[in-house]
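Chain by chain, the residues:
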Amino acid sequence: MVQQPRRTGLSGPALIRLLARLTDIEATPPGQSPTDRLGSWLAWTDAIALSAALDGDPPAVPASARGEDGEASRACADVRAYLEKSIEGVFTPRRRAAPTGRGVQVEEPTDFSIYRQRYLTLQQTMENAIGSLRVRLRTMLAASAADMARLAVLDAVMERVLGAREHNLLAGVPGLLETRYRDLRQKEQNALAEAEAAQRPPPVRAGAWLDAFRRDMRAVMHAELALRLQPVDGLLSAFRA
């Protein structure tokens with residue numbers, strides 16, 4: 001009933017490839033190299049801050065701040081598990097008392113504004129939790145060695161410089177999901193109407209499009225989480241080294 005979106009040859013993070021596939025967008029690779037694109041995003045004040053992080057002496061951090069062996073890994077695992085659980089919580093059905101007073105009725109929202117708000121709330125949860133984790137990892141890393149302290153300062157500068165751009169770009173994800181939401185719903189409505197006009201059995205259960213959308217939305221959330229955790233994974237790799 002529902003045609004599979006056209007797959008693109010786009011390379012890059014799983015989130016980008018997934019959104020391109022779900023929304024049937026013909027995405028084209030950027031004309032600039034990653035280095036050139038990054039350079040175009042930075043103001044001259046950002047360049048000064050990065051230069052200072054690379055060439056300056058990092059602030060001293062007490063060795064006691066390094067933490068015990070395994071603490072960094074546990075901290076990352078805890079945050080990851082918390083956010084994975086938060087994603088599943090987005091899809092917990094709302095319950096209310098049945099009109100007869102017997103038991104409860106499960107409500108599945110069908111208005112996209114509800115899903116948009118839930119996604120934006122989850123994004124804020126990810127941003128807060130991962131931001132706090134990066135601060136903690138940087139402190140532990142800076143206490144381990146001088147070169148690691150410089151890396152921690154560099155990560156702090158990059159987070160400040162690129163944070164607003166990342167926030168603005170990811171804020172557009174719910175809008176792309178709305179395109180998928182409306183497309184799935186319209187295709188099912190068309191298929192059911194055609195079956196009724198031809199006096200044929202319906203090809204799918206009415207409302208199946210919403211189940212498909214929720215699966216897609218969950219996949220996008222997990223892909224965005226993986227993207228947001230990349231700096232954390234880098235810090236953790238440095239800490240283990």
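Above this text sits the structure in question.
Given the structure is predicted, the values throughout are model-derived calculations rather than measurements. (Residues numbered from 1 in each chain as written. Predicted model: local features only at pLDDT ≥ 70, side-chain atom pairs only at ≥ 80, totals over all residues. Heavy atoms only, no water.)

Caption draft 1: Layout of the packing of helix α3 (residues 44-55) against helix α6 (residues 146-170). The interhelical angle for the contact between α3 and α6, taken along N-to-C directions, is 165°, at an axis separation of 8 Å. The orientation of α3 relative to α6 falls into the category roughly antiparallel. Every pair of crossing elements has a handedness; the one defined by α3 and α6 is left-handed. Contacts between α3 and α6 involve D46, A49, L50, A53 and L54 on the former and, on the latter, R150, V153, L154, V157, M158, R160 and V161. Within the contact of α3 with α6, the residues separate by chemical class into nine nonpolar, no polar and three charged. (Axes fitted to C-alpha atoms, helices over the stretch in contact; angles between N-to-C directions. Helix = DSSP H or I, 4+ residues; strand = E, 2+ residues; numbered from the N terminus. Parallel < 35°, antiparallel > 145°, perpendicular 65-115°, else oblique. Left-handed = near helix turned anticlockwise from the far one by under 90°. Contact = heavy atoms within 4.5 Å. Nonpolar A, V, L, I, M, F, W, Y, C, P; charged D, E, K, R; others polar.)

Caption draft 2: Structural detail: the pattern of salt bridges. Tallied over the full model, the rule gives 13 salt bridges. Salt-bridge contacts for D216 lead to R180; the nearest nitrogen and oxygen are separated by 2.8 Å. Of the two residues, D216 sits in helix α8 (residues 208-228) while R180 sits in helix α7 (residues 173-197), which places them 36 residues apart along the sequence. The exposure class assigned to R180 is buried, which follows from its relative accessible area of 7%. Between D211 and R205 there is a salt bridge, with its nearest N and O atoms 2.4 Å apart. Its relative accessible area of 52% is what places R205 among the exposed residues. The structure contains a network of salt bridges with shared partners spanning R134, R138, D155 and E159. (Salt bridge = Lys/Arg side-chain N within 4 Å of Asp/Glu carboxyl O. Buried < 20%, exposed > 50% of the residue type's maximum accessible area, 1.4 Å probe, protein only.)

Caption draft 3: Region of interest: the nonpolar core. Within the largest apolar cluster, 44 residues are counted, with the highest numbers of intra-cluster contacts made by L177, F213, M217, V220 and M221. Mapped by element, the contributors of at least two residues to this core are α1 (14-23), α4 (71-90), α5 (112-142), α6, α7, α8 and α9 (230-240). Looking at which element gives the most residues to this core, the answer is α5, with eleven residues. Setting aside residues up to four positions removed in sequence, F213 forms contacts with F112, Y115, L177, R180, Y181 and L184. (Core = buried A, V, L, I, M, F, W, Y, C linked by side-chain atoms within 4.5 Å.)

Caption draft 4: Molecular detail of the environment of F213. The topology assignment puts F213 in helix α8. Note: C-alpha distance between F213 and R185 (28 residues apart in sequence) is 8.9 Å.

Caption draft 5: A look at unusual backbone geometry. Although it is not a glycine, Q199 sits at a positive phi angle of roughly 55°. Checked against the element boundaries, Q199 lands in the loop between α7 and α8. Taking relative accessible area as the criterion, Q199 reaches 76% and is therefore assigned exposed.

Caption draft 6: Geometry of α6. Taking 1.5 Å of rise per residue, 25 residues should cover 36 Å, and α6 covers 34 Å from first to last C-alpha, within 8% of that figure. Bending of α6 peaks at approximately 45° at the position of L162. Buried residues belonging to α6 abut α1, α3, α5, α7, α8 and α9. (Expected span 1.5 Å × (residues − 1). Bend = angle between axes of the 7 residues up to and from the residue.)

Caption draft 7: Representation of the packing of aromatic side chains in the model. Per the counting criterion, the structure on display carries six aromatic pairs. Aromatic pair F112 and Y181: ring centres 5.2 Å apart, planes at 55°, arrangement tilted. With F112 in helix α5 and Y181 in helix α7, this residue pair connects regions lying 69 residues apart in the sequence. Taking relative accessible area as the criterion, F112 reaches 5% and is therefore assigned buried. A relative accessible area of 1% means that Y181 is categorised as buried. Each ring, one from F112 and one from F213, has its centre 6.1 Å from the other, and the planes form 65°; the classification is edge-to-face. You can see F112 sitting in helix α5 and its partner F213 sitting in helix α8, a full 101 residues away along the chain. (Phe/Tyr/Trp six-rings, centres within 6.5 Å; stacked < 30°, edge-to-face > 60°.)

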